[in-house]
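A look at the structure
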Amino acid sequence: MKIIVCIKQVPDTADIKWTKNNTLQRKGMDSVINPFDEFALETALQIKDELKNVSIRVISMGPKQAENSLKEALALGCDEASIICDKKFAAADTIATSKTIATAIKKNFSDFDLIICGQFATDGDTAQTGPMLAENLNLPQITYVRKIISIIDNEITAEKETDYGIETLKVKLPALICIQKGDYNIRSAKIGGYIYAQQKEISQIDFESLEINEDSIGLKGSPTYVSKAFRPQTEHNVQFISVEDMVQILKGGQE
Amino acid sequence: MKEILVFSELTPNFNIAKVVFELGTKAKELSQKLDNAKVSAVIVNKHADYSEIVNSLSKYGFNKVYLVKDDRYERYSSELYTNAVCNIVNEIQPEIMLFPATRLGRDLAPKVAARLNFGLTADCTEFDINEKGQLASTRPTFGGSLMATILSKSQTQMATARANVFKAIEVAEPANIEIEERFYLTNDIADLVEIIDFKPFEANDGQNIVDAEIVVAGGMGMKNKEGFELLKKFADILGGQVGASRKAVEAGLADVSVQIGQTGKTVTPKLYIACGIAGAIQHLVGMNMSDKIIAINSDPNAPIFKNADYGIVGDVFEVLPKFIDRFKSV
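Residues numbered from 1 in each chain as written. Chains lettered and ligands numbered in written order. Predicted model: local features only at pLDDT ≥ 70, side-chain atom pairs only at ≥ 80, totals over all residues. Heavy atoms only, no water.

1. Thoughts on the packing of helix α7 (residues 243-251) of chain A against helix α9 (residues 316-329) of chain B
Axis separation between α7(A) and α9(B) bottoms out at 10 Å; the angle between their running directions is 50 degrees. Overall, the two elements α7(A) and α9(B) adopt an arrangement that is oblique. At the point where α7(A) passes α9(B), the crossing takes the right-handed sense. Residue-level contacts link Val243(A), Glu244(A), Met246(A), Val247(A), Leu250(A) and Lys251(A) of α7(A) to Val319(B), Lys322(B), Phe323(B), Arg326(B) and Phe327(B) of α9(B). Split into classes, the residues belonging to the contact of α7(A) with α9(B) amount to seven nonpolar, no polar and four charged. (Axes fitted to C-alpha atoms, helices over the stretch in contact; angles between N-to-C directions. Helix = DSSP H or I, 4+ residues; strand = E, 2+ residues; numbered from the N terminus. Parallel < 35°, antiparallel > 145°, perpendicular 65-115°, else oblique. Left-handed = near helix turned anticlockwise from the far one by under 90°. Contact = heavy atoms within 4.5 Å. Nonpolar A, V, L, I, M, F, W, Y, C, P; charged D, E, K, R; others polar.)

Shown next as structure tokens:
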């Protein structure tokens, strides 16, 4: 069974600083694997623990530095890693991003059985790239997966959390699932894993190799664009009060 | 005539999800800047009597409702719903389409957008029409530390917004609402995802907190289960509901259904009281649109105070019992 896990390297949100122009202050910034993608990786690794002949390829689209996250994923137990990286892919919105990743998968790893994505990334928080990737690859999708129940005879059964309850869904592979945070722990890499990761080459996927129309990727291929970015202004001007004051305020009809 | 289309999600009890009324109210406001565009709703569901549903939509500014009916739509299916929504968008070509950023909406909207190759802006907290007549969608990114206003080049500009971000306001005189039924053949559509079980959440899974006028939320400063019991007592005398920060939920102090913030629920009560919550940006995005915010924290430099109207610097285990005592006696 061949699994592809899509991960994104994101700034550590606890550590974000902005320049005067409201662009990311990348210098000295810590980057991490998107926390939801860590659950996607853990899910794939658990499948590998349970079943025979499972191989996991981890893919990331992003700048060269995203290789650090791919190395981390290899250290955790993924078998292969690929980076989709080219200046021409930059500034893509979710439509252009999902198209680029879909093309890379179709061209290079079309024999997969299952694609696993994190439900959303903590930087953009759109939750769009997973379902858009499924659509571009013409795959059935299950989003908000919190647990995989079984994989039997090329069929995966999983629990999905909706706004109203827990659905148990079954889908024939190939399929794409988006994982939300589960109530299980995420493993840490061991020394042997880091040695494997150090030695393992990350395959490079660039613009030319994809033979994709330049108008459908990057900024040009993005139907949405940012017209303005600004820091949120808090309208509050805190007034420090005593418990007595608070009693008065709340007794007085919250005024 | 220009048109703003709202995907109108139904609840399992066959009612319109409240967020649809919020989107309708907002769409009506946008329509005034967009040549009085028609505000319409699209419902994708089974064959049934929709008179009550249609009636409720007319109260929130909708001029028209498209009923796309088929018994295969009774349960949500990514594939079948995507097909239905793409068909109707292709036919009526609205200028704008809004989806609720519910779990269903977040499953459906990106699939629709990708199939139509249209732009989609997720989880917006403000919509406006700019001087060129485009939809300007503003959304928080990086956990709420930066706001971005996003425009779309697509024929239909698509966006989603979460529940409770906009207020639903009943119109004074509901206009006559036009009803149009549409049918699409579904025989050829294979739905590869099969549902084998559904377990509804007990006790409406934190819906209380989304609808509450007063929310009392606890963070790690509440320390333990006893702390949350104290919080419950405090909430009860005010007639409020108890919520929690992500850290408190992860520490097992409160149920995930009442988690407030980026990965939890968005609340906009009249009064929000943050107890022992530091105020990480991920928490703030889920509550900073509350009408009035009171923060209680022992650390005078906690970021929560920058987002509060009133602050009490002190230990919650001293402040709350004292408050409860005085409040009862006044």
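2. Points about the pattern of salt bridges
All names here are of chain B. As enumerated under the stated definition, the model contains 39 salt bridges over all chains in all. With its nearest N and O atoms 3.5 Å apart, the salt bridge here joins Lys18 to Glu22. Of this pair, Lys18 and Glu22 are both found in helix α1 (residues 18-31), four residues apart, which corresponds to roughly one turn of the helix. Residue classification places Glu22 among the buried positions, given a relative accessible area of 2%. Linking Lys33 and Asp128 is a salt bridge whose minimum nitrogen-to-oxygen distance equals 2.6 Å. With Lys33 in the loop between α1 and β2 (38-45) and Asp128 in strand β6 (residues 126-129), the pair connects residues that are 95 residues apart, well separated along the chain. Asp128 sits in the partly exposed class, given a relative accessible area of 32%. (Salt bridge = Lys/Arg side-chain N within 4 Å of Asp/Glu carboxyl O. Buried < 20%, exposed > 50% of the residue type's maximum accessible area, 1.4 Å probe, protein only.)

3. Some words on the sheet that holds strand β12 (residues 224-230) of chain A
Strands sit in the order β12(A)-β8(B)-β7(B)-β6(B) across an open sheet of four strands; the sheet is antiparallel. Looking along the sheet, the strands with just one partner apiece sit at the ends: β12 of chain A together with β6 of chain B. If you compare each strand with its neighbour and ignore which way they point, the axes differ by 30 degrees on average. Pairing geometry for β12(A) and strand β8 (residues 146-152) of chain B, over six bridges, is antiparallel. Across the sheet, Val226(A) pairs through a bridge with Ile150(B), a residue of β8(B). α1(B) contacts β6 and β7 (135-141) of chain B of the sheet and is inclined by roughly 20 degrees relative to β6(B). (Pairing = 2+ DSSP bridges.)

4. Focus on the environment of Asn138(A)
Its place among the elements puts Asn138(A) in the loop between α4 (129-136) and β7 (141-152). Linking Asn138(A) and Pro174(A), residues 36 residues apart in sequence, is a C-alpha distance of 9.8 Å.

5. Some words on the interface of chain B and chain A
Frequently, the measure chosen for interface size is the accessible area removed from exposure when the parts meet. Contacts between chain B and chain A engage 82 residues on the former and 72 residues on the latter. Three residues stand out in chain B for area buried against chain A, namely Arg103(B), Arg106(B) and Phe142(B), and they jointly supply 12% of the buried area on that side. We note a salt bridge from Lys111(B) to Glu135(A), for which the minimum N-O separation is 3.0 Å. Considering only residue class, the side of chain B that touches chain A consists of 40 nonpolar, 21 polar and 21 charged. (Buried area = accessible area lost by both parts, 1.4 Å probe.)

6. Overview of the pairing of strand β9 (residues 157-161) of chain B
All names here are of chain B. β9 sits mainly inside the fold: five of its five residues count as buried. Of the two faces of β9, the one lined by Gln157, Ala159 and Ala161 and the one lined by Met158 and Thr160 are each fully buried. Where strand β4 (residues 96-100) and β9 come together, five bridges link them in parallel fashion. Along β9, the bridge assignment pairs Met97 with Met158. Where strand β5 (residues 120-121) lies against β9, two bridges are found, and the strand directions are parallel. Note on β9: the bridge partner recorded for Thr121 is Ala159.

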